[in-house]
Amino acid sequence: MQNLMNIGIVGLGLIGGSLGLDLRARGYRVLGVSRREQNCQRASARGVVDDASVDPATLTTANVIFICTPLAAIIPTVEQLIPHLSPGTVLTDVGSVKAPVVEAIAPLWPNFVGGHPMAGTADSGIEAAQLDLFALKPYVLTPVAKTPEQACRTVEEIARSLQAKVYYCRPDDHDRAVSWISHLPVMVSAGLIAACMSETNSDVLALAQHLASSGFRDTSRVGGGNPELGVMMARYNRGELLRSLQHYRHNLEVLIDLIEQEDWTALEQQLKSNHLARPQFIQRD
Ligand code: NAP
């Protein structure tokens, strides 16, 4: 029965395109909506969609629609789409911040389930779309009290069909959690790169650039990524990001104090406790 569903995707970039590839591979019929005719043709050629159009009215027959635009465009896109929707259509989005999106859309369209597939690459656009991007990755759903259970079940079923691991939480809790493990690391890593570039001795800077290896590659990766994504995180998750950055600043000051005081025992204790804590974030069952 589920394979007869029509699934709409608005915004045929990395996430929308990857969703289209996976959903078609699982037998769903995928209808894409893009802002540009050229992108519709590209999406068809890449096998991302069964049909694509620049006209949102083509989604009237969709049972479920994924909004896959950048965060700033999610709410205006839903507002544009609503006049064309059938009342039973389930809407969901893939934005990486949930509270402001859910607060704005839930009153406009009761059959809306906030979502965040936590998978991506450093690239963007339809060319970056890839099969199985979401397999074994978390897919967070953030319903609110009034969200119909059937709508959650429908989106959950689709997410599970992508082999993603589904988690439910409140939108606020999602935003606080991703601030710790995604948005704070971007800012910390950005600060690291900027600090290295503040080296005033050009010979030493060039030497550091030659010597940089896997440690620097790991710690600088997210801070040297797509600037637009970093700005979106800061704009839309500002409160939680500031809160986690302030905790981070406090922890940095503690480390500075320990080193200034040459308190190697306390420093070692702190590093031992971090060594034990890290696997709790990165080990998967
Ligand atoms: P992307 O590759 O840039 O794709 C976004 C697509 O949205 C574009 O290809 C474009 O498609 C459309 N779009 C761009 N600007 C728009 C505008 N002003 N109005 C309407 N549509 C617009 O970005 P993405 O990485 O797929 O991110 C899309 C969403 O996924 C974001 O909300 C992001 O928070 C979320 N997300 C991203 C990642 C990640 O790692 N990248 C991970 C999880 C969630 P058309 O040209 O076809 O219109």
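Refer to the preceding data block for the structure.
We now turn to the structure provided with this report. (Residues numbered from 1 in each chain as written. Predicted model: local features only at pLDDT ≥ 70, side-chain atom pairs only at ≥ 80, totals over all residues. Heavy atoms only, no water.)

## Observations regarding the overall build of the chain
Logical step 1: When helices and strands are tallied, the chain shows 11 helices and 9 strands.
Logical step 2: In terms of its C-alpha atoms, the chain occupies a principal-axis envelope of roughly 70 × 40 × 35 Å.
Logical step 3: Residues counted as buried form 39% of the 285 residues belonging to the chain.
Logical step 4: Of the roughly 15900 Å² of accessible surface on the chain, 55% is carried by carbon and sulfur atoms.
Logical step 5: Measuring between centres, the 24 positive side-chain charges of the chain sit 5 Å from its 29 negative side-chain charges. (Helix = DSSP H or I, 4+ residues; strand = E, 2+ residues; numbered from the N terminus. Buried < 20%, exposed > 50% of the residue type's maximum accessible area, 1.4 Å probe, protein only. Areas by Shrake-Rupley, 256 points an atom, 1.4 Å probe, with all protein chains shown as cover. Lys, Arg positive; Asp, Glu negative; His and termini not counted. Charge placed at Lys NZ, Arg CZ, Asp CG, Glu CD.)

## Description of the site of the ligand
Logical step 1: Near the ligand, the surroundings consist of 23 residues, among which S34, R36, T69, S96 and G125 are the closest.
Logical step 2: Between the ligand and L14 there is a distance of 2.8 Å, counted from an oxygen atom to a backbone nitrogen or oxygen.
Logical step 3: Within the backbone of G125, a nitrogen or oxygen atom sits 2.6 Å from an oxygen atom of the ligand.
Logical step 4: Protein contacts shield 81% of the accessible area of the ligand, which totals 890 Å² for the unbound molecule. (Near = heavy atom within 4 Å. Polar contact = N/O pair within 3.5 Å; in protein donor to acceptor, adjacent residues only side chain to side chain.)

## Comments concerning helix α1 (residues 14-25)
Logical step 1: With 12 residues, α1 should reach 16 Å at 1.5 Å per residue; the first-to-last C-alpha distance of 17 Å fits that figure.
Logical step 2: A large share of α1 lies buried, amounting to 10 of its 12 residues.
Logical step 3: Of the positions making up α1, those classed as buried are L14, I15, G16, G17, S18, L19, G20, L21, D22 and L23.
Logical step 4: Once α1 finishes, G27 follows within two positions and takes phi at roughly 95°, a positive value. (Expected span 1.5 Å × (residues − 1).)

## Structural notes on the pairing of strand β8 (residues 138-141)
Logical step 1: The two faces of β8 match: P138 and V140 on one face and Y139 and L141 on the other face are all buried.
Logical step 2: In this structure, strand β7 (residues 115-117) lies alongside β8, joined through 3 bridges in antiparallel fashion. Residue H116 lies in a different strand from β8, and its bridge partner there is V140.
Logical step 3: Bridge count between β8 and strand β9 (residues 165-168): 4 bridges; the pairing is parallel. Its bridge partner lying in β9, Y139 is registered against V166.
Logical step 4: Chirality of the crossover, the property in question, places the unit of β8, helix α5 (residues 149-161) and β9 among those that are right-handed. (Pairing = 2+ DSSP bridges. Right-handed = clockwise from strand over helix to strand, strands pointing away.)

## Some remarks on the sheet that holds strand β4 (residues 64-67)
Logical step 1: Ordered by their spatial adjacency, 6 strands build an open sheet running β3-β2-β1-β4-β5-β6, and the pairing between neighbours is parallel. Looking along the sheet, the strands with just one partner apiece sit at the ends: β3 (51-53) and β6 (112-113).
Logical step 2: As paired strands, strand β2 (residues 29-33) and β3 are joined by 3 bridges and run parallel to one another. Within the sheet, the bridge partner assigned to V33 lies in β3 and is S53.
Logical step 3: Of the strands in this sheet, β1 (6-10), β4 and β5 (90-93) are in contact with helix α3 (residues 71-81), which crosses β4 at around 150°. (Contact = heavy atoms within 4.5 Å. Axes fitted to C-alpha atoms, helices over the stretch in contact; angles between N-to-C directions.)

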